[in-house]
Amino acid sequence: MKQEITQLLQETPYKVHMFVKDPQTEYFFIHEKLEDVFSSASLIKVPILFAVLCYLESNNKSLDQVIKITPEEWVDFSVISEQRLQQSTIYELLVWMIITSDNTATNVLIDFIGMDALNQYFRQIGLLQTTVQRKMMDFEKLAKGFDNRTSAHDMAQLFSRIYQRDLLTPPFSELAIEILSRQRVHESLKRYLVDDVKLAHKTGGLDTVDHDVGIVYSSSGDYLIGVFVTEVTNNDQARQLIGRISKVVYDWLVKRRETIE
């Protein structure tokens, strides 16, 4: 597996940060550039999901709480904006933020919790290189050097804890994994998998980055995988690379084990 992936990494013109990890033993089958910090794009929405659920738990608030949305808050790439919604439950905002990577929902939830509180929560759960510094689609702030950032190490840490279900109470842990498993964007990790694979994951992409990270559940053993591509000049090419890496890993850790068994 490592040899095949190393060859793929050598052939690509892009910078690749990645890991494949056993969530039971914490063993890394493979890792590359774990500590480098990069633009998170929409990966930031996963720790935001957990921060909001933690806030609701800690303050005995309901998922059915309704939040008002002003037309000024509608941004592109948003089913909230498409529907011209002026209010939504927290539950709906969380679901749309993850399964369609909804930017309006994300921005409303950032305001609901506050950036300082979000970053404080990230530190609290051990994400030392993950920060939120701007809202989605705020390209003015981005131009000034404010960006949302993370690392492969932090994503490995986060998804290990998601898998172990030790960030939230059992019902909310189950809910979070269920939402991540309903992801509708499948252009990367699932791209070349022909089996009906259960994958709890989140993608992220900007003009110069493409990411996908998640938990693969299988009868041969579950594993965590994250592939984060930076210095991208062709997004589809980057997503194809993530798909190829994912297929190599799946063939080794699932298909090969099934054959041996």
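Cut-offs used in this document
Residues numbered from 1 in each chain as written. Predicted model: local features only at pLDDT ≥ 70, side-chain atom pairs only at ≥ 80, totals over all residues. Heavy atoms only, no water. Pairing = 2+ DSSP bridges. Helix = DSSP H or I, 4+ residues; strand = E, 2+ residues; numbered from the N terminus. Axes fitted to C-alpha atoms, helices over the stretch in contact; angles between N-to-C directions. Salt bridge = Lys/Arg side-chain N within 4 Å of Asp/Glu carboxyl O. Buried < 20%, exposed > 50% of the residue type's maximum accessible area, 1.4 Å probe, protein only. Contact = heavy atoms within 4.5 Å. Polar contact = N/O pair within 3.5 Å; in protein donor to acceptor, adjacent residues only side chain to side chain. Parallel < 35°, antiparallel > 145°, perpendicular 65-115°, else oblique. Left-handed = near helix turned anticlockwise from the far one by under 90°. Nonpolar A, V, L, I, M, F, W, Y, C, P; charged D, E, K, R; others polar.

This brings us to the sheet that holds strand S1 (residues 15–21). Pairing is antiparallel across the open sheet formed by five strands, whose spatial order is S2-S1-S9-S8-S7. Unpaired on one side and paired on the other, strand S2 (28–32) and strand S7 (198–206) mark the two borders of the sheet. Across this sheet, the average inter-strand angle for adjacent strands is 5°, counted without regard to direction. As paired elements, S1 and S2 share four bridges and run antiparallel to each other.

With that settled, consider the pattern of salt bridges. Oppositely charged side chains may form a pair once their charged atoms are brought near each other. If you walk through the whole model with that rule in mind, you get 13 salt bridges. Asp 166 is the partner of Arg 161 in a salt bridge, and the nearest nitrogen-oxygen pair spans 3.0 Å. When its relative accessible area of 43% is taken as the criterion, Asp 166 is described as partly exposed. Arg 191 is the salt-bridge partner of Asp 236, the closest N and O atoms lying 3.2 Å from each other. With Asp 236 in helix H10 (residues 235–260) and Arg 191 in the loop between helix H9 (170–181) and S7, this residue pair connects regions lying 45 residues apart in the sequence. Overlapping salt bridges bring together Glu 187, Asp 210 and Arg 239 as one network.

The next point concerns the environment of Glu 32. Examined against the element boundaries, Glu 32 turns out to sit in strand S2. Taking the C-alpha atoms as reference points, Glu 32 and Leu 127, separated by 95 residues in sequence, lie 18 Å from one another. Among residues more than four places away in sequence, those in contact with Glu 32 are Leu 9, Val 16, His 17 and Met 18. In this structure the side chain of Glu 32 is engaged in a polar contact, spanning 3.4 Å, whose partner is the side chain of Lys 33.

What follows deals with the packing of helix H4 (residues 90–99) against H9. Contact geometry for H4 and H9: axes closest at 8 Å, N-to-C directions at 45°. Between H4 and H9, the angle is such that the two are oblique. The handedness of the crossing between H4 and H9 comes out as right-handed. Contacts between H4 and H9 pair Tyr 91, Leu 94, Val 95, Ile 98 and Ile 99 from the former with Leu 175, Ile 179 and Leu 180 from the latter. Residues of the contact of H4 with H9, tallied by class, amount to eight nonpolar, no polar and no charged.

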